[in-house]
Amino acid sequence: MKKVIGLVILIGLLAVACGGGPAGGPGAAEGGEPTAAVAEGEVQLAPELSVYNWADYIDEQILADYTERYGVEIIYDTFASNEDLLTKLQAGASGYDIIIPSDYMVAQMIELGLLAEIDVATLPNFANIGAEFKDPPYDPGNAHCTPYQWGMTGIGYRNGNPAFADGPPNSWAYLFEPSLLEQTAPEGINVLNDQRELMAAALFFLGHSPNSTDRAELEAARDLILQAKPYWKTFNSEDYYSTLMESDEIILSHAWSGDAAQAFWSTYDDATGEGNWLFTVPVEGAVRYQDNVCIPANSQRIETALHFMNYLMEAEVAAAITNFTFYPSPNEAAKEFINPDILNNPGIFPPPEVAAKLQWLTDVGDAIFIYDEMWTAIKGQ
Ligand code: N2P
């Protein structure tokens, strides 16, 4: 289904209908181009909007602020992985208006016809997005989605634990090598409950591409995971930072960078200047992801979803999201509102030598069925 949405056109028409226009009062821009103020003032918003996001990936106050400003109730829910999101969406009738898939999943969803088309030229705040984040390979021309936040996948570890006395666990060997696991497993290890991420960790460790489509390589990754699995306490990618890291149920976790940073700051002690959790990027390489704001093709509230999408790209809103989640923002205009401690933190905004080790996950096409088969074996045994 092809839906090209023109927010400015729609707003422009409404402005005319309401007697607005180039000289028509507040919100009317010079030259007749609608501004964000017009967008805020004139678009007809639905009474509610359903938003489906990763866990711990927004300050819910930002949703409350939107409700207060625009009178739109947000129905909010979270998911644990891109594949969970896809399953929900494919089940149909999900009712979601805004979803936040990662890069490779955007490509898969476009292929499956699950996303509404948008025209970013109609979203005034898209201008705030940094050039390097626009027009991504998985969604040329941002024809479906706008960038939300990005980050890295690595290893979170308990600061001060003797197991890490010789240095950070900066190798995937800490997830897979029995001699290391024997030391750390008794105190608890968590891995992300995320098939592409866990397979990528194993593939990096084996020296293969995280986007391998080779059955023999994927089977080797599965076997590596299966031999390490008895050492792992939990598969959790949803509330692991609060229920496992912060509460000291574990000492090591396969982790997304911002979640580890949240665990650091929530345990931060002013007296020592330290938090309980640190983060490291394995030497073998690691995943870098770009998460995106998209609208399911079957949304019944597309204009409101576009309005919300535009709101998330306001410089101060995007900064508030990063200041809460500790994930880097693609929003260039937000930078002046981001806490400098976050901007200058190499565990959040990676320096070039770390960035050089990061790789995107891409759509693996039909090989996804091999990944599904491997994952079923991994989770089933
Ligand atoms: C936050 C999840 C980060 C998104 N808990 C990973 N793509």
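Chains are numbered independently. Their residues run from 1 in the order of the written sequence. Side-chain atom pairs in this predicted model are given and counted only at pLDDT of 80 or more, local residue features only at pLDDT of at least 70, and totals for whole chains, interfaces and linings cover all residues. As a rule here, side-chain values cover all heavy atoms of the structure and leave hydrogens and water aside.

Going by what an unreviewed UniProt entry lists, the protein is known as Extracellular solute-binding protein and is assigned to Candidatus Promineifilum breve. UniProt positions are given in the numbering used here, feature names are shortened, and annotations may be inferred rather than shown by experiment. According to the UniProt record, the Subcellular location (unreviewed entry) comment for the protein is "Periplasm".

J.: Before we move on, could you go through the packing of helix H9 (residues 215-228) against helix H16 (residues 368-380) and cite the residues and values that matter?
T.: Helix-helix packing is described using two parameters, namely the angle between the two axes and the distance between the axes. It is the contact of H9 with H16, at a shortest axis distance of 10 Å, that shows an interaxial angle of 20°. Relative to H16, H9 is oriented roughly parallel. Handedness of the H9/H16 crossing: right-handed. Facing Arg-215, Leu-218, Glu-219, Arg-222, Ile-225 and Leu-226 of H9, the residues of H16 in contact are Ile-370, Tyr-371, Glu-373, Met-374, Ala-377 and Ile-378. Polar here means any residue outside two lists: the nonpolar Ala, Val, Leu, Ile, Met, Phe, Trp, Tyr, Cys and Pro, and the charged Asp, Glu, Lys and Arg; Gly therefore counts as polar. Of the residues that constitute the contact of H9 with H16, the class distribution is 8 nonpolar, no polar and 4 charged. Between N-to-C directions, angles span 0 to 180 degrees; the directions come from axes that are lines fitted to C-alpha atoms, helices contributing only their stretch in contact. By definition, any uninterrupted DSSP run of H or I lasting at least four residues is a helix, any uninterrupted run of E lasting at least two residues is a strand, and each is numbered from the N terminus. Orientation is classified from the angle alone, with under 35 degrees giving roughly parallel, over 145 giving roughly antiparallel, 65 to 115 giving roughly perpendicular, and any other angle giving oblique. Note on convention: the crossing is left-handed when the near helix lies turned anticlockwise from the far helix by less than a right angle, right-handed when the turn is clockwise. Two residues form a contact once any of their heavy atoms are found within 4.5 Å.

J.: For the packing of aromatic side chains, give the residues involved together with the corresponding values.
T.: Aromatic rings from Phe, Tyr and Trp, with only the six-membered ring used for Trp, were paired whenever their centres fell within 6.5 Å, and each pair was classed as stacked if the ring planes differed by under 30 degrees, edge-to-face if by over 60, and tilted otherwise. Taken as a whole and assessed by the stated rule, the structure comprises 26 aromatic pairs. With centroids separated by 4.9 Å and ring planes inclined at 50°, the aromatic side chains of Tyr-66 and Tyr-70 adopt a geometry described as tilted. Of this pair, Tyr-66 and Tyr-70 both sit in helix H3 (residues 60-70), 4 residues apart, which is roughly one turn of that helix. Accessibility expressed as a relative area gives 0% for Tyr-66, which makes it buried. Judged by relative accessible area, Tyr-70 falls into the buried class, the value being 15%. Only protein chains enter the calculation, and the probe is 1.4 Å; a residue is then buried if its accessible area is under 20% of its type maximum, exposed if over 50%, and partly exposed in between.

J.: Which residues make up unusual backbone geometry, and what are the values?
T.: Phi is positive for Asp-56, which is not a glycine, with a value near 50°. By the element assignment, Asp-56 lies in the loop between strand S1 (48-54) and H3. Classification of Asp-56 by relative accessible area gives partly exposed; the value is 26%. Located in the positive-phi region is Asn-142, a residue other than glycine, with phi close to 45°. Mapped onto the elements of the fold, Asn-142 is located in the loop between helix H5 (103-111) and strand S4 (145-158).

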